Amino acid sequence: MRKASAAFLLAASALLATGCSAGRITAPRYVLSYGVGDYPGTDDLASPAFDAQSLRSLLVGEGYAALQASAADCIDSAVTNARIKADITGLSSLEDDAIVVIFYSSHGTYEQSSDTAYLVPYDAVDGTGIITAGTFSNLISPAELSSWISQSGKRNVIVIIN
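Cut-offs and rules
- Residues numbered from 1 in each chain as written.
- Predicted model: local features only at pLDDT ≥ 70, side-chain atom pairs only at ≥ 80, totals over all residues.
- Heavy atoms only, no water.
- Buried < 20%, exposed > 50% of the residue type's maximum accessible area, 1.4 Å probe, protein only.
- Helix = DSSP H or I, 4+ residues; strand = E, 2+ residues; numbered from the N terminus.
- Arc of directions from axis to C-beta.
- Contact = heavy atoms within 4.5 Å.
- Axes fitted to C-alpha atoms, helices over the stretch in contact; angles between N-to-C directions.
- Nonpolar A, V, L, I, M, F, W, Y, C, P; charged D, E, K, R; others polar.
- Lys, Arg positive; Asp, Glu negative; His and termini not counted.
- Salt bridge = Lys/Arg side-chain N within 4 Å of Asp/Glu carboxyl O.

A. View of helix H4 (residues 142-152). Restricting attention to buried positions, one finds in H4 the residues Leu145, Trp148, Ile149 and Ser152. Taken end-on, H4 shows its buried residues confined to a sector of 100°, consistent with a single buried face. With respect to the buried face of H4, the exposed residues turned more than 90 degrees away are Ala143 and Ser150. Where H4 is buried, its residues contact helix H3 (81-89), strand S3 (99-105), strand S5 (116-119) and strand S6 (156-161). Residue Gly153 follows H4 closely and has a positive phi angle near 80°.

B. Seen up close, unusual backbone geometry. In this structure, Asp76 takes a positive phi of about 50° despite not being glycine. Position of Asp76 among the secondary structure elements: in the loop between strand S2 (65-66) and H3. Relative accessible area serves as the criterion here: at 17%, Asp76 is assigned to the buried category. Here the phi dihedral of Asp115 falls at roughly 55°; this positive angle occurs in a residue that is not glycine. Residue position: Asp115 is located in the loop between strand S4 (108-111) and S5.

C. Structural view of the packing of H3 against H4. At their nearest, the axes of H3 and H4 sit 8 Å apart, and the two run at 35° to each other. Touching Asn81, Ile84, Lys85, Ile88 and Thr89 of H3 are Glu144, Leu145, Trp148, Ile149, Gln151 and Ser152, all from H4. Partitioning the contact of H3 with H4 into residue classes produces 5 nonpolar, 4 polar and 2 charged.

D. Spotlight on the side chain of Arg56. Position of Arg56 relative to the elements: it lies in helix H2 (residues 48-61). Look at Arg56: it is buried, it has no salt bridge, and the nearest opposite charge is Asp73 at 6.5 Å. Excluding residues that lie within four positions of it along the chain, Arg56 makes contacts with Ser33, Ala66, Gln68, Ala69, Ser70, Ala71 and Cys74.

Structure follows, in structure tokens:
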């Protein structure tokens, strides 16, 4: 059995604790979970896919609805810039009071010239494991992620980046 990362355990504990408040949460709850550990041309990361699937399963067990059709839809080669954007902007079809948890576990990178950190989805690296001019546009900046969430119109969104 794999060990869960400390960040995953902290995130899971915090989310479960929100259900233990004095009032019962009646709003519909959803989860989008992503983990990339198997980038092309690189050594695999040990826990992102496991963490993404584990958090997804845990929250589904607590009454959240998984927005991805299957656990395989949230890991490795399925986790592309286009898929993440479509999933997040697609939240607009949910109820106005919906609570959405977005979990992302994988690599990030920092570009010094723009002083910007980025999430690195599967399609942001080439076949040799390098971010190139051709794949750079697939990185996800905080501004881009925020824009997608704004486009969804949802106000109750929790983003956890591991």
